[in-house]
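Chains, contacts and geometry: an overview
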Amino acid sequence: QIIQPETFFSRRTLERVGFFNESLFYVMDYEYWCRVFAVSNNIVQIDEFLSCFRVTGEQKTNNKDGVRDELLAVLQR
């Protein structure tokens with residue numbers, strides 16, 4: 001899983017892929033990474049901590065049904 005806050009990408013990638021699809025509520029980052037993977041073969045992982053991720057009860061990803069439904073819609077496209 002790619003956590004958005006700790007991800008960096010080049011301007012060239014942004015120019016090729018475009019911006020996040022803000023019409024998506026739950027999986028805009030997942031859909032974005034799918035588009036990035038479709039056009040890039042230069043994806044690397046570094047073994048460093050770059051950010052923190054706090055889990056709270058108010059996170060929209062806690063709505064598992066909403067996440068599932070939107071994810072399935074993205075995958076069907």
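The structure displayed is predicted, hence computed values, not measured ones. (Residues numbered from 1 in each chain as written. Predicted model: local features only at pLDDT ≥ 70, side-chain atom pairs only at ≥ 80, totals over all residues. Heavy atoms only, no water.)

1. So, the pattern of salt bridges
Across all of its chains, the model carries 4 salt bridges by this definition. Put simply, arginine 11 and glutamate 15 hold a salt bridge, and the shortest N to O gap is 3.1 Å. Taken together, the residues span about one helical turn, with arginine 11 and glutamate 15 both in helix 1 (residues 11-17) at a distance of 4 residues. Here arginine 11 matches glutamate 15 in class, with each residue exposed. A salt bridge links glutamate 31 to arginine 35, with the shortest nitrogen-to-oxygen separation between them at 2.9 Å. Remark: arginine 35 and glutamate 31 occur in helix 2 (residues 28-39); sequence separation between them is 4 residues, near one turn of the helix. On the basis of relative accessibility, which here comes to 24%, the residue arginine 35 falls in the partly exposed class. In this structure, a network of salt bridges that share partners links the residues Asp65, Arg68 and Asp69. (Salt bridge = Lys/Arg side-chain N within 4 Å of Asp/Glu carboxyl O. Helix = DSSP H or I, 4+ residues; strand = E, 2+ residues; numbered from the N terminus. Buried < 20%, exposed > 50% of the residue type's maximum accessible area, 1.4 Å probe, protein only.)

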